[in-house]
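Report on the structure
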Amino acid sequence: MKKITLSEIGLYYGDVEMPKGFEIDREILSKDILSFTLENKQFPFSRSWDMLQTYLREHIKLEYGFTLINQNTIGSIYKTGQNSKSLLQVDPVDLRHSPDYVMLYGVDVGKDSCKVFIEYDDNRRKGRSWEIPLNNNNFVMFPATQRYHITTNTSEQLNFILTTTYEYL
């Protein structure tokens, strides 16, 4: 008897563990998110953003053997008591130009103040979900075909979250 896996939903998550002296300046990323939100322009390039993206792409390539190419980055700010709507990063009528993966990074997030709620189907077991906390310097990456939302911000501070989409090679 043989088995082959035809499909898999991979969820990648954890801390961004940069070498000492090369830490990501999350304050710069917070300012970039604020600027992006207020000015409604393309997300600005910064050294901190580049360090984060390079770390994640290289880590995924080394650990899991596939290559990611950045497509788009946006920043979101959530007030106390605010959550996101249900989000889907792929465009169902334009799959060719849609991203393959989405990554959420906690730039400045109150301790245990929100979670990423990911919806998925497990064959005929429809409507399954997974919740994973999103804290400072944590990331969660999953296929862009999965619906998700950020749960209600339960802290007294603003939550700054960076979202990047990737193409899979």
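Residues numbered from 1 in each chain as written. Predicted model: local features only at pLDDT ≥ 70, side-chain atom pairs only at ≥ 80, totals over all residues. Heavy atoms only, no water.

Considerations on the packing of aromatic side chains
Centre-to-centre distance and the angle between the planes together describe a pair of aromatic rings. What counts is decided by this rule: Between the rings of Phe, Tyr and Trp (Trp by its six-membered ring), a pair exists once the centres lie within 6.5 Å; its type follows the angle of the planes, with under 30 degrees stacked, over 60 edge-to-face, and the other angles tilted. The helix and strand labels rest on DSSP assignments: H or I over at least four residues marks a helix, E over at least two residues marks a strand, and numbering proceeds from the N terminus. Between buried and exposed lies partly exposed: a residue is buried under 20% and exposed over 50% of the maximum accessible area for its type, with that area taken using a 1.4 Å probe on protein chains only.
Scanning the model with the defined rule gives nine aromatic pairs in all. Centroid distance Tyr12 to Tyr64: 4.8 Å. Interplanar angle 65°. Geometry classified as edge-to-face. You can see Tyr12 sitting in strand S1 (residues 12-15) and its partner Tyr64 sitting in helix H2 (residues 47-64), a full 52 residues away along the chain. Under the relative-accessibility criterion, Tyr12 is labelled buried at 12%. Look at Tyr64 and you get partly exposed, because its relative accessible area is 45%. Between Tyr12 and Tyr101, the ring centres sit 6.3 Å apart and the planes meet at 65°, which makes this aromatic pair edge-to-face. Of this pair, Tyr12 sits in strand S1 while Tyr101 sits in strand S3 (residues 101-108), placing them 89 residues apart in sequence.

Examining the sheet that holds strand S4 (residues 115-122)
Where we set the bar: A pair of strands is treated as paired once DSSP finds two or more bridges between them. To define axes, lines are fitted to C-alpha atoms, for helices over the stretch in contact only, and angles between the resulting N-to-C directions are given on a 0 to 180 degree scale.
Here three strands make up an open sheet; going across it, the order is S5-S4-S7 and the pairing antiparallel. With one partner strand each, in any of the chains shown, strand S5 (125-133) and strand S7 (148-150) form the two edges of the open sheet. For this sheet the average axis-to-axis angle between neighbouring strands, irrespective of direction, equals 20°. One ladder, built from seven bridges, connects S4 with S5; its direction is antiparallel. Along S5, the bridge assignment pairs Tyr120 with Arg128.

As for the nonpolar core
Our working rule: Among the buried residues, those of types Ala, Val, Leu, Ile, Met, Phe, Trp, Tyr and Cys that are joined through side-chain atoms within 4.5 Å form a nonpolar core.
In terms of nonpolar packing, the biggest core is built from 25 residues, with Leu52, Met103, Tyr105, Phe139, Met141 and Leu162 touching the most fellow members. For this core, the elements supplying multiple residues, two or more each, are helix H1 (26-39), H2, strand S2 (68-78), S3, strand S6 (138-143) and strand S8 (159-168). In terms of residue count, H2 provides more of this core than any other element does, six residues in total. One finds Cys114, Tyr148, Ile150 and Ile161 within the second-largest nonpolar core, a separate group that totals 14 residues.

Quick notes on the pattern of salt bridges
Stated formally: Within this document, salt bridges are pairs made up of a side-chain nitrogen of Lys or Arg and a carboxyl oxygen of Asp or Glu, the two lying within 4 Å of each other.
On inspection of all chains with the given rule, the structure shows four salt bridges. Where Lys31 meets Glu27, a salt bridge forms, and the shortest distance between an N and an O atom there is 3.6 Å. In this pair, Lys31 and Glu27 both sit in helix H1, four residues apart, roughly one turn of the helix. Taking relative accessible area as the criterion, Lys31 reaches 53% and is therefore assigned exposed. We note a salt bridge from Lys41 to Glu39, for which the minimum N-O separation is 3.9 Å. When its relative accessible area of 45% is taken as the criterion, Glu39 is described as partly exposed.

Quick look at the sheet that holds S8
Just so we agree on the cut-off: Contacts are assigned to residue pairs with any non-hydrogen atoms lying within 4.5 Å of each other.
Ordered in space as S1-S6-S3-S8-S2, the five strands form an open sheet in which the pairing is antiparallel. Both outer strands of the open sheet, S1 and S2, are each paired with one neighbouring strand and no more. Averaged over all adjacent pairs, the angle separating strand axes in this sheet is 15°, with direction ignored. One ladder, built from ten bridges, connects S2 with S8; its direction is antiparallel. Looking at the pairing, Ser76 lines up with Ile161 of S8. Here H1 sits on the sheet and contacts S2, S3 and S8; the angle it forms with S2, its principal contact strand, is near 80°. Across the sheet, H2 touches S1, S2, S3, S6 and S8, and the angle it forms with S8 is around 50°.

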